[in-house]
Every structure is written in structure tokens, then in C-alpha cells.
Amino acid sequence: MTVTATPYDSDTDTNTDTAPDPTTITTHRRRAFALLGSVQITLIFTLAAIAVPLPEIGRAFGLERADLILLSAAYGLTFAGLLLFGGRLADRHGGRRALTAGLLLFAAASAAAPFAPGIGTLLAARFAQGAGAALIAPAAMTVLRAVFPAPTAYGKAMATWGGLSVLGATAGNLLSGVIAELLSWRWSFAVPLAVAVSALVLAPRLLPDTPPSRGRALDLPGALLATAGITLASYGLVATDALPWSSAGVLVPLLIGAVLLIAFWYAERRAGDPLLPPRFLLDRRRALALAAIAFSACATAMTFVTLSLHLQTDREWSPLRTSAAFVPFAIALLASGRAAGPLIARFGPHVVTAAGLATAGAGLVLLALTGLDPHAAYASALLPGLVLLPAGAAASFAGAAVLTTHGVPHERTGLAGGVLNTAMELGPTVVFAIVLTFGSDAVSLAATGAALALVAALNLRVQRSRPSRPSSLPQGATQ
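Residues numbered from 1 in each chain as written. Predicted model: local features only at pLDDT ≥ 70, side-chain atom pairs only at ≥ 80, totals over all residues. Heavy atoms only, no water.

J.: Explain the packing of aromatic side chains to me, please; I cannot follow it from the model alone.
T.: Each aromatic ring pair is described using two quantities: the centre-to-centre distance and the angle formed by the ring planes. Across all of its chains, the model carries nine aromatic pairs by this definition. The structure contains a cluster of three or more aromatic residues connected by ring pairs, namely Phe33, Phe148 and Trp161. Above the plane of the ring of Tyr154 lies Arg145, whose end atom (NZ or CZ) is 4.6 Å from the centre. (Phe/Tyr/Trp six-rings, centres within 6.5 Å; stacked < 30°, edge-to-face > 60°. Lys NZ or Arg CZ within 6 Å of the ring centre and 35° of its normal.)

Below, the structure is given as C-alpha cells:
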């Protein structure tokens, strides 16, 4: 899986390079971006890689619904729980070194998963994949900052980077169905393994060796509190799909997780070098951008899970036909992702983010109204929503990624990457689990669409209330 789209075709920000031929510099940076982008896509591909074949895995191992829910969430739980600590490790020890360590763990887990004899081994492999991904994702953004040191070039790169995750989710859902139909669900792990091994081989040649920040403390107390709190609270919310809210299996991890997260917040306020400075999240622009990422990720994940189960259960479609139903989703996603960068440069990231959220919300409402009727025609009931949702999600991801990383100093790039990816992972786990409690699938889809519209309105309001300073955004963009 490779990325052919690049953030720009010519690099005018060569003031940081004393070398030579600008064409050679641009070619090298394009290749580095393609490598890092392929890795980022693969991390999210892996999150969705077993979504379509979940029923087949359940039959193979004799699993109940609760087991399938845990298996589906395992990767995301460790991914989200460890991301902040992964970002600190990337900042402290250098992006490329952290990236290499994460790729080694990710590759080892991906190699073990296909040979799992039972649910226990497969769960362990998925947890380990998530731990590796939590180190890779922020490290990749740290290296990306080194590849594009000039503010304008980095802003353009982030506009493209923001759309890669939803592309990975789409690829995971499409290819997992094809692989499950033609081969076996076990072959879904071949893709992350191949990309991880390729990245390990190519990284020393294509990626710069980013300097570590040795003077920074690891903040182990903060890391432990954040990891345990996020993981336990996420697990408690995910468990609500199989257990009642009043059960111990939900309340115990949920309450303990909440207490740990509150303790984490107070600990960070007193720490000399906190893992997550409270000011980082108190910025209204960044907080709303992270909300846009979380809800957009929730919307795409909910659509894939809900429609995959609907098509295979209610309409009795095969995994291959189910994957084919999402082909227009992928086409709309690619088209919107390609257009997002120029649109951000012209109208600014706030406007593009808000427009994307509103469009995605309209797609969800359409799916809620017509998409779950087993007797309705695909072209009239499903297709409009499957085009509007990805078109809006890709635009909102791109704009929100620019807003999240705007003004972040170099030594905090890993932190920004960790926070951005945490929002991306909490969307399909925590937000999704909360929305599912609203009632039927149709109500959940409509409620998420309304939430997207609300976040869109708040983004526009913040834009009007704060003057723009486009210094480190893509040329012509505004805050």
C-alpha cells in the first residue's frame, strides 16, 4: 500500500537546505512523504482490517458477541491508551529511532496474528499491534516535521496527512472483505506486515535522523495514569454494547478509568515537564479541531460497522459484495482528499473543516433515513450517503489536522501527533460506544450527524471570534 499523492509538486521553502539541486531535494521529500504516509494509512487499515470478516472469525473460534466486540476493540484500546506516552518517547529519543522500535513491534505482532490458534493468541497479537502503532504514529509526525522544516511546506503536508487515516479505514474495510472472500481473514495481516518490513528497510535511506530531546523527563506517573485511564474508560464504554450500564463489567472499568483520568489532569498541572500540558487542550481552536477528528472518525467507523453487519445479516450479502458496496465511498474519499489542500489554501482550515463536517453529517442523516431498509434499492437508499459522508470526512480530517498542529514547536511535534491520533482512535471506540446507547442504528447515525453539524457551527464561530494569523498555515489559509 503506497501513497502517490503528495502535498506539493515543488518545494519553494529551501531556505533550510544549503545543498544543491532543488529538484533532488523535492524528489527525496516526496519519497519520504510517500513512505510515512503509507505507514500512517496502514496503521488505520489495521484498525479496520477485521471489521468485515468478524462474523467469519466468530464462527471459526466459536465466539459470542461480547468476544467479537473485544476483539474488534483490542487494537484501538492499546493504540489510544499509549499514544501520549508514544509521543513523549518520540520527542525524547528522536522520531526515527522511535519509529523503528514501533515498526519492529508492529511487524512481530502482525506476523504472529495469522497463526493464532484461538482467541487468546489473536487478542494478544492485536493488543501488541496497537502498542506498536502507538509508538509509530507520533514518531511518524515527528519525522514528517523534519522532512518539511519550513512552515508553509509543513502546513501543506499536514493538509494531505489529515486525509490519510480515513483512507486507511476505507482500504481496511474494502480489502478485508475481498481477502476474506478469496483467501482467509488470516491473510488480512499480510498487508501490515509487508508495509512494516518495507518501512524498516527504507527508513534509513529516506528519513532524516531526528535529534532527541534528552533533557526532557519521561513523566512516567503521567504516562501510567493516562494509559490506564484511557484504556479502562474505553473498555468500559465498549462493553456497553454487550452488557447493561448497571453491570460491574461496565461500571468498574468506567469509574476507575474516569478517576485515573481526573488524577492525570491534576498531576499534569503540577508536573514540571508534563506529558500533556493542560494549555495544549485549552486552546479553543485545537480543542474543536480534535473534536472534529474524533466525531469524523466515529462517523466513518460507525458507517462501516453498521452497514457491514446490515448488508451481511439483513440482506445476506457476501463479504466480497459488501466490500464492493463501499467502492463509491473510496472514490469520493480520494477525490475529496485531493481537493482538500487547495481548498484549505483558498478558504482556510476552519471553513474547510466546518464544510466537511456539515457534508458528512448530511450523509449520515441520509443513511439513517433510508440506508438500513433491507428492501430499498442500493442506488437510491445507500449510494447518496456513501458519497456525501466520505467527501465531508476527508475534508474535515484535512482541515482539522492543520488546526491541531498549527503553532506547535518542533520539540512538541510528537505530543501533537499523539494527541491527534488519540482523538482519531477515541472516535471509533469511546464516541462510537456512547452513540450506540442512543437506541437503534438509525437513531445512532442521525445523532452522530447532528453532532457533526454542531461541531461545524462551533468551528465557524471560533473563526469569526478570533483574528487569523496565517504565518505557519498553507499559503493563503487562515486560522
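J.: Before we go on, may I ask you to explain unusual backbone geometry in this structure?
T.: Generally, phi is negative for residues other than glycine and the peptide bonds are trans, each holding for most cases. Despite not being glycine, Glu316 shows a phi value in the positive range, around 60°. For Glu316, the position within the fold is in the loop between helix 12 (284-314) and helix 13 (319-325). (Helix = DSSP H or I, 4+ residues; strand = E, 2+ residues; numbered from the N terminus.)

J.: It is not clear to me how a nonpolar patch on the surface should be interpreted in this structure. Could you clarify?
T.: On the surface, a nonpolar cluster with roughly 440 Å² of combined accessible area is contributed by Leu182, Leu183, Trp187 and Leu320. When you line up the elements, Trp187 lands in the loop between helix 7 (164-182) and helix 8 (190-206). (Patch = residues over 30% accessible without salt bridge, like charges linked within 9 Å, V, L, I, M, F, W, Y side chains within 5 Å. Areas by Shrake-Rupley, 256 points an atom, 1.4 Å probe, with all protein chains shown as cover. Salt bridge = Lys/Arg side-chain N within 4 Å of Asp/Glu carboxyl O.)

J.: When you look at the side chain of His310 in this model, what are you seeing that I'm missing?
T.: Along the chain, the position of His310 falls in helix 12. With residues up to four places along the chain from it excluded, the contact list for His310 reads Arg315, Gly371, Leu372, Asp373 and Pro374. (Contact = heavy atoms within 4.5 Å.)

J.: Looking at this structure, I do not really get the nonpolar core. What am I missing?
T.: Ranked by internal contacts, the top residues of the largest apolar core, which has 109 residues, are Leu36, Phe79, Leu144, Met158 and Trp161. The leading source of residues in this core is helix 12, at twelve residues. Ignoring any residue separated from it by four or fewer positions in sequence, one finds Met158 in contact with Met141, Leu144, Ala398, Ala401, Val402, Thr405 and Leu420. Grouped together as the second largest cluster of nonpolar side chains are 15 residues, Leu54, Leu71, Leu122 and Ala125 included. (Core = buried A, V, L, I, M, F, W, Y, C linked by side-chain atoms within 4.5 Å. Buried < 20%, exposed > 50% of the residue type's maximum accessible area, 1.4 Å probe, protein only.)

J.: How should I be thinking about helix 5 (residues 119-147) in this particular structure?
T.: In an α-helix, one turn spans 3.6 residues; hence positions three or four apart end up facing the same way. Between its first and last C-alpha atoms helix 5 spans 41 Å; for 29 residues at 1.5 Å apiece the expected length is 42 Å, and the two agree. With 21 of 29 residues buried, helix 5 is to be regarded as a mostly interior element. (Expected span 1.5 Å × (residues − 1).)

J.: Got a minute to help me understand the environment of Ala242 in this structure?
T.: Within the secondary structure, Ala242 sits in the loop between helix 9 (220-239) and helix 10 (248-270). Separated by 175 residues in sequence, Ala242 and Asp67 place their C-alpha atoms 9.2 Å apart. Excluding residues within four positions of it along the chain, Ala242 makes contact with Ala66 and Ile69.

J.: Would you take a moment to explain the layout of surface pockets for this structure?
T.: If a probe as big as a water molecule is rolled over the atoms, it shows which places are left empty. The volume enclosed by the largest pocket comes to roughly 940 Å³. As for the largest pocket, its lining consists of 41 residues, of which Ser72, Ala301, Val305, Pro428 and Phe432 are closest to the centre. Mapped by element, the contributors of at least two residues to the lining of the largest pocket are helix 1 (22-48), helix 2 (54-61), helix 3 (65-93), helix 7, helix 9, helix 12 and helix 18 (413-436). Across the lining of the largest pocket, the residue classes break down as 26 nonpolar, ten polar and five charged. (1 Å grid on protein atoms, 1.4 Å probe; cavity = no way out; pocket = protein on both sides within 12 Å on 5 of 7 lines; lining within 4 Å. Points joined across faces, edges and corners; volume = space filled by probe spheres on them. Nonpolar A, V, L, I, M, F, W, Y, C, P; charged D, E, K, R; others polar.)

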